[in-house]
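Residue-level structural notes
Below are the chains, spelled out letter by letter.
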Amino acid sequence: MHDQSFPKSPETISLRLASLKSSSIAELKQQWQALYHSSPPHRISRELLTRAVAYRIQEQVYGGLKPSTRRLLIRLARDARSGRSLKPEPSSAAPAGTVLMREWHGVTHEVRVLDRGVLYKRKRYRSLSEVARVISGAHWNGPQFFGLRGGRNQEASHGSK
């Protein structure tokens, strides 16, 4: 049933996803095979089969996980396998609206945290790390640079280089 030329408008995707509810298990397994290029697990529930097919359809149209989310999941899986406690990172370093200030070479820099990204000198950036690189000219962990996280060298993180 998977067709590479399937229209990818939001309406047609919604219709395709809605049609999964009335699909037989055999049809869902065929879609799994087409979407994942493998057979579904032998004893998979209808609900999980439907969710996996729906996820893959959406992933193909809208894109998959962000690389940072993928890395977090890989690290959590590795920690779980090794018996370490699971410590997911917070989703954002500071809530939207927070104003962060950092002194660097005698100049005070101000950054405002937005819902998505940060604002520095009236320009939007994707991350605090990007702003830290603009300010310092070096690769920094943004939350560490702005004092939101401890680091190996606290003085460098909070000092006024």
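Below you will find a few notes about this structure.

Cut-offs used in this document
- Residues numbered from 1 in each chain as written.
- Predicted model: local features only at pLDDT ≥ 70, side-chain atom pairs only at ≥ 80, totals over all residues.
- Heavy atoms only, no water.
- Helix = DSSP H or I, 4+ residues; strand = E, 2+ residues; numbered from the N terminus.
- Buried < 20%, exposed > 50% of the residue type's maximum accessible area, 1.4 Å probe, protein only.
- Contact = heavy atoms within 4.5 Å.
- Axes fitted to C-alpha atoms, helices over the stretch in contact; angles between N-to-C directions.
- Parallel < 35°, antiparallel > 145°, perpendicular 65-115°, else oblique.
- Left-handed = near helix turned anticlockwise from the far one by under 90°.
- Nonpolar A, V, L, I, M, F, W, Y, C, P; charged D, E, K, R; others polar.
- Pairing = 2+ DSSP bridges.
- Expected span 1.5 Å × (residues − 1).
- Core = buried A, V, L, I, M, F, W, Y, C linked by side-chain atoms within 4.5 Å.

Our next topic: the overall build of the protein. Across its full length, the protein carries seven helices and four strands. Reading the protein from its N terminus to its C terminus gives the helix and strand order α-α-α-α-β-β-β-β-α-α-α. Split into buried and exposed, the 161 residues of the protein put 27% on the buried side. In the protein, the share of contacts with a sequence separation of at least 24, taken over all contacts with a separation of at least 6, comes to 29%.

Where helix α1 (residues 10-19) meets helix α3 (residues 46-62), the axes come as close as 10 Å, and the angle between the chain directions of the two elements is 165°. When the interaxial angle is binned, α1 and α3 end up roughly antiparallel. The two elements α1 and α3 cross, and the hand of that crossing is right-handed. Here Pro-10, Ile-13, Arg-16 and Leu-17 of α1 come into contact with α3, specifically with Ala-54, Ile-57, Gln-58, Val-61 and Tyr-62. Grouping the constituent residues of the contact of α1 with α3 by class yields seven nonpolar, one polar and one charged.

Positive phi values are uncommon outside glycine, yet His-105 reaches one of about 55°. The exposure class assigned to His-105 is exposed, which follows from its relative accessible area of 57%. You will see that Arg-122, though not glycine, has its phi angle at about 60°, which is positive.

Only one face of strand β1 (residues 99-104) is buried, namely the one carrying Leu-100, Arg-102 and Trp-104, since none of Val-99, Met-101 and Glu-103 on the opposite face is buried. The pairing of β1 with strand β2 (residues 107-113) spans six bridges and is antiparallel. What sits directly across from Trp-104, in β2, is Val-107. Here β1 folds back onto β2, and the loop between the two strands holds two residues, one of which, His-105, carries a positive phi near 55°.

Attention now moves to α3. In this model, α3 (17 residues) spans 24 Å end to end at C-alpha, consistent with the 24 Å of a helix rising 1.5 Å per residue. For α3, the set of buried residues is Leu-49, Thr-50, Ala-52, Val-53, Ala-54, Ile-57 and Glu-59. Looking one or two places after α3, you find Gly-63, whose phi comes out positive at around 100°.

Strand order in the open sheet formed by four strands is β1-β2-β3-β4, with antiparallel pairing between adjacent strands. Two strands lie at the open edges of the sheet, namely β1 and β4 (123-125), each paired on one side alone. Shown here is a sheet whose adjacent strand axes are inclined to one another by a mean of 30°, direction ignored. Strands in contact with helix α5 (residues 128-136) are β1, β2, β3 (118-120) and β4; relative to β3, the strand with the most contacts, it is inclined by about 20°.

Ranked by internal contacts, the top residues of the largest apolar core, which has 15 residues, are Val-111, Val-118, Val-131, Ile-135, Phe-145 and Phe-146. Among the elements of the structure, β1, β2, β3 and α5 are those that each provide at least two residues to this core. For this core, the element with the most residues is α5, which contributes four residues.

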